[in-house]
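# Residue-level structural notes
Below are the chains, spelled out letter by letter.
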Number of protein chains: 2
Amino acid sequence: MEAELIAWLRGRVPPHPLVRLGLGDDAAVLNLDGVRDCVVTTDLLSDQVDFELSRVDPRRVGRKALAANLSDLAAMAAKPLAGVVALLLPRQGGKELAVALYEGLLPLAEKYGLAVAGGDTNCWDGPLAINITLLGKVTDCGALKRSGARPGDHILVTGAFGGSILGRHLDFEPRVWESLELNARYKLHAGIDVSDGLSCDLAHVAEESHCGAVIDLDTVPVADDARRLAGQLADGSTPLDHALGDGEDFELILAVPPADAEQMLAEQPLSVRLTEIGQFVAEPGLWARTAAGDRRRLDPRGWEHK
Amino acid sequence: MEAELIAWLRGRVPPHPLVRLGLGDDAAVLNLDGVRDCVVTTDLLSDQVDFELSRVDPRRVGRKALAANLSDLAAMAAKPLAGVVALLLPRQGGKELAVALYEGLLPLAEKYGLAVAGGDTNCWDGPLAINITLLGKVTDCGALKRSGARPGDHILVTGAFGGSILGRHLDFEPRVWESLELNARYKLHAGIDVSDGLSCDLAHVAEESHCGAVIDLDTVPVADDARRLAGQLADGSTPLDHALGDGEDFELILAVPPADAEQMLAEQPLSVRLTEIGQFVAEPGLWARTAAGDRRRLDPRGWEHK
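Here's what I pulled together on the structure shown here. (Residues numbered from 1 in each chain as written. Chains lettered and ligands numbered in written order. Predicted model: local features only at pLDDT ≥ 70, side-chain atom pairs only at ≥ 80, totals over all residues. Heavy atoms only, no water.)

## Comments concerning the overall build of chain A
Rules: Numbering of helices and strands starts at the N terminus; helices are DSSP runs of H or I of at least 4 residues and strands are runs of E of at least 2. Throughout this description, buried means an accessible area under 20% of the type-specific maximum (1.4 Å probe, protein chains only), exposed means over 50%, and partly exposed covers the range between. Residue contacts are counted whenever heavy atoms from the two residues lie within 4.5 Å of one another. Residue exposure ignores everything except the shown protein chains as possible cover, and the areas themselves are Shrake-Rupley values with a 1.4 Å probe.
When helices and strands are tallied, chain A shows 9 helices and 13 strands. Dimensions of chain A, computed from C-alpha atoms along their principal axes, come out at roughly 65 × 50 × 30 Å. The proportion of buried residues among the 306 residues of chain A is 62%. Considering only residue pairs separated by 6 or more positions, chain A has 84% of its internal contacts joining residues 24 or more positions apart. As presented, chain A carries roughly 11,500 Å² of accessible surface, and 49% of it is formed by carbon and sulfur atoms.

## Thoughts on the pairing of strand β9 (residues 212–216) of chain B
All names here are of chain B. Put simply, the rule is: A pair of strands is treated as paired once DSSP finds two or more bridges between them.
Along β9, 5 of the 5 residues are buried, which leaves the element largely enclosed by surrounding structure. Every second residue of β9 is oriented toward a common face, with Gly212, Val214 and Asp216 on one face and Ala213 and Ile215 on the other, all of them buried. Looking at chain direction, β9 and strand β11 (residues 274–281) are connected through 4 bridges and run antiparallel. If you follow valine 214 over to β11, its bridge partner there is glutamine 279. In terms of strand pairing, β9 meets strand β12 (residues 285–289) through 5 bridges, oriented parallel. Each bridged residue has a counterpart across the sheet, and for aspartate 216 the counterpart in β12 is arginine 289.

## Topic: the sheet that holds strand β5 (residues 115–124) of chain A
Here is the rule we go by: Structural elements are reduced to axes, namely lines fitted to C-alpha atoms, with helices fitted over the stretch in contact, and the angle between N-to-C directions of any two is expressed from 0 to 180 degrees.
With mixed pairing, 6 strands are arranged side by side in an open sheet as β5(A)-β4(A)-β6(A)-β3(A)-β2(B)-β1(B). The open sheet terminates on both sides in strands that have one partner only, identified here as β5 of chain A together with β1 (19–21) of chain B. On average, each strand axis in the sheet is tilted by 25° relative to the strand beside it, whichever way the strands run. Bridging between strand β4 (residues 78–90) of chain A and strand β6 (residues 129–138) of chain A involves 10 bridges; their strand directions are antiparallel.

## Structural notes on the relation of the copies chain B and chain A
Convention followed: Each copy is superposed on the other by least squares, with the fit set by C-alpha atoms of residues at a pLDDT of at least 70 in both.
Between chain B and chain A, the superposition needs a rotation of 180° and an axial shift of 0.0 Å, giving an RMSD of 0.0 Å. What we have between these two chains is a two-fold relation. Most of the interface of chain B is mirrored in chain A: 100% of its interface residues are interface residues there too.

## Focus: the packing of aromatic side chains
Geometry of an aromatic ring pair is reported as the spacing of the ring centres plus the angle between the planes. Residues and elements named next belong to chain B. Stated formally: Two aromatic rings from Phe, Tyr or Trp, using only the six-membered ring of Trp, form a pair when their centres are within 6.5 Å; if the ring planes differ by under 30 degrees the pair is stacked, by over 60 it is edge-to-face, and anything between is tilted.
One pass over the full model with this rule turns up 5 aromatic pairs over all chains. Pairing tyrosine 112 with tryptophan 177 gives two aromatic rings, centres 5.2 Å apart and planes at 40°, and the pair type is tilted. With tyrosine 112 in the loop between α3 (94–111) and β5 (115–124) and tryptophan 177 in helix α5 (residues 176–185), the pair connects residues that are 65 residues apart, well separated along the chain. You can call tyrosine 112 buried: its relative accessible area is 5%. Ring centres of phenylalanine 172 and phenylalanine 250 lie 3.9 Å apart, and the angle between their planes is 15°; this geometry places the pair in the stacked category. Note that phenylalanine 172 is positioned in the loop between α4 (168–171) and α5 and phenylalanine 250 in the loop between α8 (239–245) and β10 (252–256), a separation of 78 residues in sequence. Classification of phenylalanine 250 by relative accessible area gives buried; the value is 4%.

## Comments concerning the pattern of salt bridges
Pairs may arise between side chains of opposite charge once their charged atoms sit close together. To keep things clear, this is the line we draw: Definition used for salt bridges: Asp or Glu carboxyl oxygen within 4 Å of a side-chain nitrogen of Lys or Arg.
Taken as a whole, this structure holds 44 salt bridges over all chains when the rule is applied. The shortest N-O distance in the salt bridge between arginine 175 of chain A and glutamate 251 of chain A comes to 2.8 Å. Of this pair, arginine 175 of chain A sits in the loop between α4 (168–171) and α5 (176–185) while glutamate 251 of chain A sits in the loop between α8 (239–245) and β10 (252–256), placing them 76 residues apart in sequence. On the basis of relative accessibility, which here comes to 13%, the residue arginine 175 of chain A falls in the buried class. You can call glutamate 251 of chain A buried: its relative accessible area is 6%. A salt bridge links glutamate 178 of chain B to arginine 175 of chain B, with the nearest nitrogen and oxygen atoms 3.5 Å apart. The buried category is assigned to glutamate 178 of chain B, whose relative accessible area is 13%.

## Some details on the sheet that holds strand β13 (residues 295–297) of chain A
Within a sheet, each strand pairs with its neighbour through backbone hydrogen bonds, oriented either parallel or antiparallel. Residues and elements named next belong to chain A. One open sheet holds the 7 strands; their spatial order is β8-β10-β7-β11-β9-β12-β13, and the pairing between them is mixed. Edge positions in the open sheet fall to β8 (190–193) and β13, since each of these has one partner strand only. Each neighbouring strand pair of the sheet contributes to a mean axis angle of 25°, computed without reference to strand direction. In this sheet, β13 lies alongside strand β12 (residues 285–289) in antiparallel orientation, the contact comprising 3 bridges. Looking at β13, one finds that tryptophan 287 is bridged to arginine 297.

## Quick notes on the interface of chain B and chain A
Stated precisely, the cut-off is as follows: Put simply, buried area is how much 1.4 Å-probe accessible surface two parts lose in total, over both of them, once they are put together.
Listed by partner, the interface residues are 59 residues for chain B and 59 residues for chain A. Around 4,800 Å² of area is buried between chain B and chain A when both sides are counted, 54% of it from carbon and sulfur atoms. The largest share of the area that chain B buries against chain A comes from Asp26, Leu44 and Trp124 of chain B, three residues that together contribute 14% of it. Here chain B is connected to chain A by 6 salt bridges.

## Focus on helix α2 (residues 58–75) of chain B
The periodicity of an α-helix, 3.6 residues per turn, causes residues three or four positions apart to be oriented the same way. Residue and element names in this part refer to chain B. So the rule is basically this: Here the expected span of a helix is defined as 1.5 Å times the quantity of residues minus one. Residues adjacent in sequence count toward polar contacts only when both atoms are side-chain atoms; beyond that, a polar contact is any pair of N or O atoms within 3.5 Å, and within protein one must be able to donate a hydrogen and the other to accept it.
Its 18 residues give α2 an end-to-end C-alpha distance of 26 Å, which sits within 8% of 26 Å, the value for a rise of 1.5 Å per residue. The buried count for α2 comes to 15 of 18 residues, which makes it a mostly enclosed element. Between the side-chain oxygen at the start of α2 and the backbone nitrogen of arginine 59 there is a gap of 2.8 Å, and the oxygen is on aspartate 57. Backbone geometry just after α2 places alanine 77 at a positive phi near 55°.

This is the structure:
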């Protein structure tokens, strides 16, 4: 089955200047001449955890698997270079499924100039799992880390949050160009992409930076999906709760020194809106501030991958 | 759970000169300065397909997952650099299992100077799957490909074949140093590691090289395990059948021009034995020749990962 899939892929994957030796050998050989700092990220998605295969077009699943990995490169402000795709397919209909997954991910790879350099295809009696590993290049502006935030930095985010489960978690656009653009134009101290949830991922940045963070609750951009979901669930959770906790928004959280934050907000250089939602502070932990000025501890409510 | 595992790993994974940014961020950053041609390989192993978790120590499973990937680097004559590990764990006992898997693979990583740079840890309701992606460096001697064999080249193999299911498929030593040593000292035209089976993988080399291959059946090194397994099964299959078809020997098959082949066989530069088992020929396909000189088509019997 793998041989057939490789034959099909060879006709679909365009040649790429990075790839010296591609699909069909024991491994791929990439020309990384001139790549000094290389970013490596791996992300494994599985049925019933990251998607429900029985309810969605597998092309959207393939696209999501790649987009989630691209989002990790965006979180590092790295330029996508190449990737390898490992599939674990249910035996029944495995080949058709593999083709559909690739049909979903290949256009996204092309859009971001990513070489699909190789992979591994397996069948088993269990559900679908997809693992993608990407290589990216750190630009001259350096990598964006979780650990660089400083007290006084402003917290800026792209886009809006909450309710991604209604569909956006499959079809989101990874903020690859946005991250590269911002990292080139402004001073960024730290960054992360939102997979676990806005408050949870902000807490990760604060923790790795040995500081704390305060969110101004009334400034959090709440997605329409968050309002729709709160309405549908009617379980007492507010749209803001969903914005803070849902996760899989795949937007960026950035720690930006005040002068650059002011400039970014004034210039709004992206097609997606940049919003300031708070500041990093010296005292460790995560805090919420209301419009009235109350400040209280905020529990990072994002769902951690248990 | 992932946070706990990362904390544990940070105490276990020694610093590595390649790793600028390791465990705990959105991605790892590697210093690949001076790495021109980079080999990337990914291999996904799953319960009931590549191992039986209920019957073996999970440390052996973790070791195998890494060893199988290292064997792919060996097949390319690439020096191991760094790897990322993605785990898909059963919810019940997931953390203990993850620790055991890492306890199995970390010593092997250290042995081969491999940086364990990052990973992804997930739980689900299905069985265990492990995906490892490795980066390696092509040396000045170039990468060993499947596609370089020429008619007249001798077929040389390391070690012995068959019956690996009795235990060797878990505890084999990947031929990393052997491959680098041979590629540095002799002219090698092509190479592969034996995962699918001796005849099947030899057929892969022949096919990618647009030529054929003849195996001299009486010269094939048959492992003791192949004899034991044939005895245990008593299903009419011979030890030679097992040597040709079983797979997961993780030995090397090499296409070597005659003069270098002669020298290699005379010098026996490795601690594992090198054996000549036939020649590449112009006519496509796979052939078997008996001691009596009969030549017939050989069906590549290796089990392809269906």
